[in-house]
Amino acid sequence: CSIEFWEDYIRKYLNWAEQNKKYIFAIANLDIENLVGDEVVRRWNEKFFIPFMQRTGIPVCFVWHEISFTDWKGYCKQYSYVGLSAVTTEGKNRELSEYLAKLNVAKRYGTLVHGFGMTQIELLTKIPFLTVDSTTWLVGTKYGELNFWDGRTWKRLKKDQWKRQYKNKLIKLGANWELAEKENPYELIRINLLVFKKAEEDIRKHLRPKMYWLKQGVKESMSLKKTNKKEEIKEEIS
């Protein structure tokens, strides 16, 4: 696709986001460096996403990849809200030590971090992400499976497991067993969301002392004060 195609796509994307502002927590920039190159993505950030964020107040999560011209430190210094994939450009899962090192850099600059594709729930009890995303809550409709969080470990339950030994635990959590037993797709989604909600509550409670943005007075809101400071970024790269 041409650059013109992608820029038209960005305009439609941002227009849609602005029209649905009341439903949106944040959006991500178009991080397709592998298709158009890092310089083009950086230009889009300056031309489209930073002005959009400043005009509408909708936070933009700027996604960092290893192929980005600016290193992680430069991204954290430049942007208030950055994203990090659970998988490297080479397709390898990141280690806990790498996450912690990168979050320490983010903390230094008061930058908030989103974890993309974070399905390893146990890791989330150790890493102070502001937000994460995952599609694991859809395993009910995909495979007839349910997730379960016991406060320490995350389990993926096959159909025979959750229908038998986990029945009472799921009912206690809030499952409508009449619908669940019939494998109603909406109820399976709802149960998985209840499990994620419980895990989120436990993780937040456990990680609260490490939530540096609370100590810095950010109160989980994306600060819009940072802008694209080219000279500072050049300094970081050199």
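*Asks:* Help me out: how do you make sense of the sheet that holds strand 1 (residues 27-28) in this one?
*Replies:* Sheet architecture is open: 5 strands sit in the order 1-2-3-4-5, paired in parallel fashion. Every interior strand has two partners, whereas the edge strands, strand 1 and strand 5 (131-132), have only one. As judged from the 3 bridges shared by strand 2 (residues 60-64) and strand 3 (residues 81-85), these two strands associate in the parallel manner. Bridge pairing in strand 3 links valine 63 to glycine 83. Taken strand by strand, helix 3 (residues 38-56) contacts strand 1 and strand 2, and its axis lies near 145° from that of strand 2.

*Asks:* Explanation requested: the packing of aromatic side chains in the structure shown.
*Replies:* When we look at a pair of aromatic rings, we describe it by the centre distance and by the angle of the planes. The final tally for this structure, using the stated rule, is 12 aromatic pairs. A ring pair is formed by phenylalanine 62 and tyrosine 79, whose centres lie 4.0 Å apart and whose planes are at 15°; its orientation type is stacked. Of the two residues, phenylalanine 62 sits in strand 2 while tyrosine 79 sits in the loop between helix 4 (72-78) and strand 3, which places them 17 residues apart along the sequence. The burial state of phenylalanine 62 is the same as that of tyrosine 79; both residues are buried. Ring geometry for tryptophan 64 and tryptophan 72: centres 5.5 Å apart, planes at 75°, overall edge-to-face. As far as the burial class goes, tryptophan 64 and tryptophan 72 line up, both buried. Pairwise contacts between aromatic rings join Phe5, Trp6 and Tyr9 into one cluster.

*Asks:* Sorry if this is basic, but what is going on with the pattern of salt bridges here?
*Replies:* Opposite charge on two side chains lets them pair, provided their charged atoms get close. Per the stated rule, a full pass over the model turns up 16 salt bridges. Across the pair lysine 47 and glutamate 7 runs a salt bridge whose closest N-O atoms are separated by 3.4 Å. With a gap of 40 residues between them, lysine 47 in helix 3 and glutamate 7 in helix 1 (residues 3-19) connect regions that are remote in the sequence. Take lysine 47: its relative accessible area is 45%, and that puts it in the partly exposed class. The exposure class of glutamate 7 is buried, given its relative accessible area of 11%. Among the ionic pairs, arginine 190 bridges to glutamate 187, the shortest N-O distance being 2.9 Å. Taken together, the residues arginine 190 and glutamate 187, both in helix 11 (residues 185-207) and 3 residues apart, mark about one turn of the helix. Here arginine 190 falls in the partly exposed class, since its relative accessible area comes to 33%. By sharing partners, the salt bridges in this structure join Glu66, Arg94, Glu98 and Lys102 into a single network.

*Asks:* I'm lost on the pairing of strand 7 (residues 154-157) in this one. Help?
*Replies:* The side chains of a regular strand alternate between the sheet's two faces. The pairing of strand 6 (residues 146-149) with strand 7 spans 4 bridges and is antiparallel. Each bridged residue has a counterpart across the sheet, and for asparagine 147 the counterpart in strand 7 is arginine 156. Hairpin connection, strand 6 to strand 7: the antiparallel pair is bridged by 4 residues, and glycine 151 has positive phi, about 100°.

Conventions we followed
- Residues numbered from 1 in each chain as written.
- Predicted model: local features only at pLDDT ≥ 70, side-chain atom pairs only at ≥ 80, totals over all residues.
- Heavy atoms only, no water.
- Pairing = 2+ DSSP bridges.
- Helix = DSSP H or I, 4+ residues; strand = E, 2+ residues; numbered from the N terminus.
- Contact = heavy atoms within 4.5 Å.
- Axes fitted to C-alpha atoms, helices over the stretch in contact; angles between N-to-C directions.
- Phe/Tyr/Trp six-rings, centres within 6.5 Å; stacked < 30°, edge-to-face > 60°.
- Buried < 20%, exposed > 50% of the residue type's maximum accessible area, 1.4 Å probe, protein only.
- Salt bridge = Lys/Arg side-chain N within 4 Å of Asp/Glu carboxyl O.

Spatial relationships are all this shows, so hold off on functional conclusions.
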